[in-house]
Amino acid sequence: MKRIATFCCALGLMCTGLAQAHWMPKEEMKVGGIGAGSTLAEVEKTFGKPQKIKRLDEGWIRVVIYEYSPDFQVTARVPSEEKCSEKNMPVVGFRLRNNSLATPSGITVGMPYSVVEGKFGAVERSTDEPRASYSYQAKNSAVEMTFYVDDHNVITEIYEGSEL
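Position numbers for residues start from 1 in each chain and track the written sequence from start to end. For this predicted model, a pLDDT threshold of at least 70 governs which residues receive local features, and a threshold of 80 or more governs which side-chain atom pairs are given and counted, while totals over whole chains, interfaces and linings are taken from all residues. Working from all heavy atoms in the structure, the side-chain values ignore hydrogens and water.

Asks: Let's hear about the overall build of the chain: which residues, and what values?
Replies: Helices and strands together make up the secondary structure of the chain, namely 3 helices and 9 strands. Shown N-terminal to C-terminal, the secondary structure of the chain runs as helices and strands in the order α-β-β-α-β-β-β-β-α-β-β-β. For the chain, the proportion of its 164 residues judged to be buried stands at 38%. Across the chain, contacts joining residues at least 24 apart in sequence account for 45% of those joining residues at least 6 apart. The Shrake-Rupley method, run with a 1.4 Å probe sphere, supplies the accessible areas, and residue values consider only the shown protein chains as cover. For the chain, the accessible area works out to roughly 9700 Å², and carbon and sulfur atoms hold 56% of it. Helix and strand assignments follow DSSP, with helices taken as H or I runs no shorter than four residues and strands as E runs no shorter than two, numbered in order from the N terminus. Residue burial is assigned from relative accessible area. The probe radius is 1.4 Å, only protein chains are included, and a residue is buried under 20% of its type maximum, exposed over 50%, and partly exposed in between. Every residue pair with non-hydrogen atoms within 4.5 Å of one another is taken to be in contact.

Below, the structure written as structure tokens:
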């Protein structure tokens, strides 16, 4: 009986921890009004023509990357069998490495991560990659926003992406 009570307490604590996970609203996972779900037509209307366009067709997936500078790229992706024009392809993410753009709440590269933490709560620091980062999920969505930081916990890159 004691084991069952201990198990139930442990399970309850785990569920409480999951319920207190910090999420970021999907509406916040944008820069300059563009993020996952926007189309490349909307991207071009907002930012103009890109400096470079990279097109990849891997046979099962079609990817288009609009590169506005080495510090700002927007990626769109569809299954190869989906017949849609390039302009109508949905954005699946972006990479921002300068402070030329900001999220709707004003977060940008160069700010301390503590600003993000103050608005959306703390998440575990990941050191799986060569750089440390903090990632937030959008509720009921595969969209994720990651803030890469330097040794002083200052944001060096904002990445938004989706695995789907």
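Moving on from the model shown.
Asks: Give a description of the pattern of salt bridges that names residues and reports values.
Replies: Basic side-chain nitrogens of Lys or Arg form a salt bridge, by our definition, when they fall within 4 Å of a carboxyl oxygen of Asp or Glu. The final tally for this structure, using the stated rule, is 8 salt bridges. Between Lys54 and Glu67 there is a salt bridge, with the nearest N and O atoms lying 3.5 Å from each other. You can see Lys54 sitting in strand 3 (residues 52-57) and its partner Glu67 sitting in strand 4 (residues 61-69), a full 13 residues away along the chain. Three or more residues are tied together by salt bridges with common partners; here these are Arg95, Arg97, Arg131 and Glu157.

Asks: Could you give an account of unusual backbone geometry, naming the residues involved and the relevant values?
Replies: Among all residues except glycine, the phi angle is most often negative; among peptide bonds, the trans geometry is most common. Residue Asn140 is not a glycine yet carries a positive backbone phi of 55°. Looking at the element boundaries, Asn140 is found in the loop between strand 7 (132-137) and strand 8 (143-149). Overall, Asn140 belongs to the exposed group, its relative accessible area being 85%. Positive phi is not limited to glycine here, since Asn153 has a value of about 65°.

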